[in-house]
Amino acid sequence: MSSVQAIEYQSTDDFLLQRFAGQVPQPQLLWINKKNQQIVADILQHKVSFLRIRYWQNKQQSVWILNEIGKVKPITTAVVIIKQKIVLLKVLAFRESRGWEVKHDFFTDQFKQNTLDSHLKLTQAIDGISGATLSVRALTKTARLALFFDSLVANEK
Amino acid sequence: MKNNKHSFWRFIYKLHRYIGLTSSLVLIMLAVTGIALNHTAELQLDQRTIKSTAILDWYGIKSPDKLRSFATRNHWLTQMGQKIYFDQHFFLENQSPLLGVVETEQFIVIAFYNSLQLLTHSGELIEKIPFAAIEHIGSGLQQSIVIQSSQGYTSSNDGLLSWQPYLDKPVTWSASQATPEILATPLQQNFVHSILPVERVILDLHSGRLFGTFGVIIVDISGIFLLILAISGCAIWLKHKLRSFRHARRTYRQR
């Protein structure tokens, strides 16, 4: 499986339908101001250009579909958060040629019940996978980013 | 026997000297480019680009003749190759063709085959929205954004949050226009000046590929010369070491 490229494991629409049991709420928007853009840049370790991000939320959970580059291509990941804790992190599309091992449950399960500490780091350490360092790093950043965005939404309310 | 040994070492000395002289230029070039490549990030070699016309010509880099431009009230969006420019400023890279641009009171929407990009009026990216198989983009009733895709006609008038079918209503489709000369010339210059990273040229210089097969052969021969230099250098050093050891032993015995 050395030449895995542009594989979509599940479409965003399918994931949302499954997660919200067919009742997908209207997407909502979180606007990222200058101050928060700097925090996002610190988490991702690179500048971000977008000004808003969409998410799906009902009373129980919020779902964030985020893209972050592993080595050269974006990994599309869905993060489901309930009460500021990750309950599910799933790789929806992987486009890199290496590091695809991060899609497996044995790896993504480590993110469950993870939350952010005061330094915006994950409270539980994530064990890496040799040969997939950049993909592991991208997913860890994605998890931190989703939790940060969720905390912004919680603070707005 | 002694003469044979003497001429062998003379040969080794000469070999070491002349091979050293012959390959010195290439070895200096290899050392300098090697050190530079080791510090690509610090020297920003992957971000800095070549602007020299001679080097760009050597690589055969030319600006594409075909520019695809769309006008808003105050701005131009132009695609050249995979690069998209907002007026004269490089904005983003996208592999699929720019299909159209629509401006509303709140924002500008640009359409590619597989995504929509929402911009502020000053060209800041607000959001990138995946969208399947777009064919055309236009503006409909009440400043709605209308998309013609493989799914049919859909429209949105809430900032691309939700989409509804859009049937039998008027649409003004976005259409490309001829790029004004005042914009095209600097864009084409900007394009060629942003294509070739310094790192690429240094890599090609390091491997000899900058000069084609001839350059690669020269670098290969220099590599072999370096091996000979290392071996002959070690042999000469060993010879001197043994001689001085023997000399020291003889002096010690004579005492």
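Quick caveat: nothing in here was measured; it's all calculated off a predicted structure.

1. Some details on the overall build of chain A
Counting its regular elements, chain A contains 4 helices and 6 strands. The order of α-helices and β-strands along chain A, N terminus first, is β-α-β-α-β-β-β-β-α-α. Sorting the 157 residues of chain A into buried and exposed places 49% on the buried side. Residue pairs in contact within chain A that sit at least 24 positions apart in sequence constitute 59% of those at least 6 positions apart. Total accessible area on chain A stands at roughly 8300 Å², and carbon and sulfur atoms take up 50% of it.

2. A look at the pairing of strand S5 (residues 74-82) of chain A
All names here are of chain A. Of all the 9 residues making up S5, 7 are buried; the element is thus mostly covered by neighbouring parts of the structure. In terms of strand pairing, strand S4 (residues 62-69) meets S5 through 8 bridges, oriented antiparallel. Paired with Trp64 across the two strands is Val79, which belongs to S5. Hairpin connection between S4 and S5: a loop of 4 residues separates the two successive antiparallel strands. Here S5 runs beside strand S6 (residues 85-94); their pairing, made up of 7 bridges, is antiparallel. Bridging across to S6, Val79 finds its partner in Leu89.

3. Looking at the sheet that holds strand S12 (residues 164-165) of chain B
Taking strand neighbours across the sheet as the criterion, the 5 strands line up as S12-S11-S10-S9-S13 (chain B) in an open arrangement whose pairing is antiparallel. Of all the strands in the sheet, just S12 and strand S13 (172-173) of chain B have a single pairing partner and so form its edges.

4. Considerations on the sheet that holds strand S1 (residues 68-71) of chain B
All names here are of chain B. Read across the sheet, 4 strands follow the order S1-S2-S3-S4 without closing on themselves; strand pairing throughout is antiparallel. Looking at strand neighbours, the two that pair on one side only are S1 and strand S4 (89-93), the edges of this open sheet. Across the sheet, the mean angle separating the axes of adjacent strands is 25 degrees when strand polarity is ignored. Pairing analysis gives 4 bridges linking S1 to strand S2 (residues 76-80), with the strands arranged antiparallel.

5. A closer look at the interface of chain A and chain B
Counting residues at the interface gives 10 residues for chain A and 11 residues for chain B. Three residues stand out in chain A for area buried against chain B, namely Leu51, Arg52 and Arg54 of chain A, and they jointly supply 56% of the buried area on that side. Our enumeration of links across chain A and chain B arrives at 7 residue pairs in polar contact (both at pLDDT 80 or more). Counting residues per element, the ones that place at least two in the side of chain A that touches chain B are strand S2 (28-31) and strand S3 (52-57) of chain A.

6. Observations regarding the confidence of the model for chain B
Within chain B, residue pLDDT values average 89, and 99% of them lie at 70 or more. Predicted complex metrics record ipTM = 0.75 and pTM = 0.69.

7. Some thoughts on the packing of aromatic side chains
A complete count under the given rule lists 9 aromatic pairs over all chains for this structure. Note on Trp64 of chain A and Phe149 of chain A: the rings are 5.6 Å apart at their centroids and 35 degrees apart in plane angle, and the pair reads as tilted. Note that Trp64 of chain A is positioned in strand S4 and Phe149 of chain A in helix H4 (residues 133-156), a separation of 85 residues in sequence. Per residue, the accessibility class of Trp64 of chain A equals that of Phe149 of chain A, and both read buried. Over the ring of Tyr18 of chain B we find Arg17 of chain B; its NZ or CZ atom is 6.0 Å from the centre of that ring.

8. Thoughts on the pattern of salt bridges
Evaluation of the coordinates by the stated rule reveals 8 salt bridges over all chains. Arg54 of chain A is the salt-bridge partner of Glu127 of chain B, the closest N and O atoms lying 2.6 Å from each other. Of the two residues, Glu127 of chain B is situated in strand S8 (residues 125-130) and Arg54 of chain A in strand S3; the pairing between them involves two chains. Just as Glu127 of chain B is buried, Arg54 of chain A falls in that class too. Here Lys83 of chain B ties to Glu93 of chain B by a salt bridge, and the two come within 3.5 Å at their closest N and O atoms. Separated by 10 residues along the polypeptide, Lys83 of chain B in strand S3 (residues 83-86) and Glu93 of chain B in strand S4 bring together distant segments of the chain. Beyond isolated ion pairs, a larger network of salt bridges with shared partners links Arg52 and Arg54 of chain A together with Glu127 of chain B.

9. A closer look at the confidence of the model for chain A
On average, residues of chain A carry a pLDDT of 89, and 96% of them reach 70 or more. Segment residues 1-5 of chain A is flagged for pLDDT under 50; beyond a separation of four residues in sequence, or across chains, it makes 11 contacts in the model.

How each quantity is defined
- Residues numbered from 1 in each chain as written.
- Chains lettered and ligands numbered in written order.
- Predicted model: local features only at pLDDT ≥ 70, side-chain atom pairs only at ≥ 80, totals over all residues.
- Heavy atoms only, no water.
- Helix = DSSP H or I, 4+ residues; strand = E, 2+ residues; numbered from the N terminus.
- Buried < 20%, exposed > 50% of the residue type's maximum accessible area, 1.4 Å probe, protein only.
- Contact = heavy atoms within 4.5 Å.
- Areas by Shrake-Rupley, 256 points an atom, 1.4 Å probe, with all protein chains shown as cover.
- Pairing = 2+ DSSP bridges.
- Axes fitted to C-alpha atoms, helices over the stretch in contact; angles between N-to-C directions.
- Buried area = accessible area lost by both parts, 1.4 Å probe.
- Polar contact = N/O pair within 3.5 Å; in protein donor to acceptor, adjacent residues only side chain to side chain.
- pLDDT = per-residue confidence, 0-100.
- Phe/Tyr/Trp six-rings, centres within 6.5 Å; stacked < 30°, edge-to-face > 60°.
- Lys NZ or Arg CZ within 6 Å of the ring centre and 35° of its normal.
- Salt bridge = Lys/Arg side-chain N within 4 Å of Asp/Glu carboxyl O.

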